Amino acid sequence: MDIEKSENEKKLEKTNKRKCLLCVAAIFIVLFTSVLAFLVFHKSGKKAGEGIVLRLSEVHSDEYPTSLADKEFSRLVYERSGGRIKVEVYTDGRLFSDEPDALAALQAGELDFARISSAPICKFVPMLNVVNLPFLYRDDAHFLNVITGPIGQIFLDSIEKENVGIVGLCFYDSGSRSLYMKKEIHSVEELEGMKIRIQVSPTMNDYLLSCNATGIIGIATHEVYDKILNGIVDGAENNIPTYQTMGDYLAAPYYIKTNHARVPDILVASSSLFEKLPESDVELIKECAMETELFQIKRWAEKEEKSAEIISKAANVVELTDEELSGFREKAKGVYKQYEAEFGDLIERIKNEEP
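An account of the accompanying structure is given in this report.

Overview of a nonpolar patch on the surface
Side chains of Tyr225, Leu229 and Leu250 sit close together on the surface and give an oily, nonpolar patch of about 290 Å² of accessible area. Looking at where tyrosine 225 falls in the secondary structure, it is placed in helix 9 (residues 224-229). A relative accessible area of 32% means that tyrosine 225 is categorised as partly exposed.

What follows is the structure, given as structure tokens:
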């Protein structure tokens, strides 16, 4: 009787083991399916009821002018689509802290939208190098008239025509860029031998080479302060709002007002996303994006004024004379020669554009 009971117990134990294994297998399948669904939804837009949820990457802080424009874009899309399309805006680099990484994700169809400087896009869209040429614009009005008018649309269209996985939706103002460093300089000759952090920008790299300096890429915006402080680079170049909000003025207290370039930002969409959406939704998104251009330009002007006021009290703003600036302008001539053969007519059209 004891032996028979023992055999029954053994059979029960085996049955229980099988049940446990089946439970573990079932749990694994559920988890695997959930992870797969998560990845799929995050690659091509998560389904939210009958609508979709899309993601937008932004490296700047929540109240930065481009971030405010991103959120305005999100609001317009949600409102105009009747709540069917929701664009989640991730500021402060929470999705991608480096813009070239966000660009790569867009091209791979792993991200839906991003606000990116036009500089890293130039690698894939050669015409955009023209926008970023040094000393191309006379003043703010000239620049804004170019990017918001017919010429700006030519540049936006060129992005999609290159068929590199992205679509340009609209331009955003990012002001004029100047040099900032640990020491004060007044002439282009003083740049010789210096290492300057730059964006991934062929035109800026070529310009610094003409100045006998070296452009250093691969340093994300939020890393510039540390790299200057620790002597990895001698300085950087950017607009005043970024110089102020990133705290770079604490490491490089001299802002040299060369105003050497204007590198507009672009709100970009993934081509993969647009291929999946109906044409009516694509047009809705494009229209909403274009409506945020003037919204962002106004916010930028407000931020630039506030940042300039802060910097005037916290750092040393070096105003250059016309004679000193002429040396910096002279070095830009060699950069233009690389683009005049293919884009000479476009360059002239920009130079002659009137407000």
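What about the sheet that holds strand 10 (residues 254-262)?
What the six strands build is an open sheet, ordered 8-7-9-6-10-12; its pairing is mixed. Each having just a single partner strand, strand 8 (214-216) and strand 12 (316-318) make up the two edges of the open sheet. Within the sheet, the average angular offset between the axes of one strand and its neighbour, ignoring direction, is 35°. With four bridges connecting them, strand 6 (residues 176-181) and strand 9 (residues 235-238) associate as antiparallel partners. Residue pairing across strands places serine 178 opposite asparagine 238, the latter belonging to strand 9. On the sheet, helix 8 (residues 202-210) packs against strand 7 (195-197), strand 8, strand 9 and strand 10 and is oriented at approximately 150° with respect to strand 8.

Topic: the packing of helix 8 against helix 14 (residues 333-351)
Remark: helix 8 packs on helix 14, axes separated minimally by 8 Å, with the N-to-C direction vectors making an angle of 140°. As the angle between them shows, helix 8 and helix 14 are arranged oblique. In this structure, helix 8 uses Pro202, Thr203, Asp206 and Tyr207 to contact helix 14, whose residues at the interface are Val335, Gln338 and Tyr339.

Calculation criteria
Residues numbered from 1 in each chain as written. Predicted model: local features only at pLDDT ≥ 70, side-chain atom pairs only at ≥ 80, totals over all residues. Heavy atoms only, no water. Patch = residues over 30% accessible without salt bridge, like charges linked within 9 Å, V, L, I, M, F, W, Y side chains within 5 Å. Areas by Shrake-Rupley, 256 points an atom, 1.4 Å probe, with all protein chains shown as cover. Salt bridge = Lys/Arg side-chain N within 4 Å of Asp/Glu carboxyl O. Helix = DSSP H or I, 4+ residues; strand = E, 2+ residues; numbered from the N terminus. Buried < 20%, exposed > 50% of the residue type's maximum accessible area, 1.4 Å probe, protein only. Pairing = 2+ DSSP bridges. Axes fitted to C-alpha atoms, helices over the stretch in contact; angles between N-to-C directions. Contact = heavy atoms within 4.5 Å. Parallel < 35°, antiparallel > 145°, perpendicular 65-115°, else oblique.

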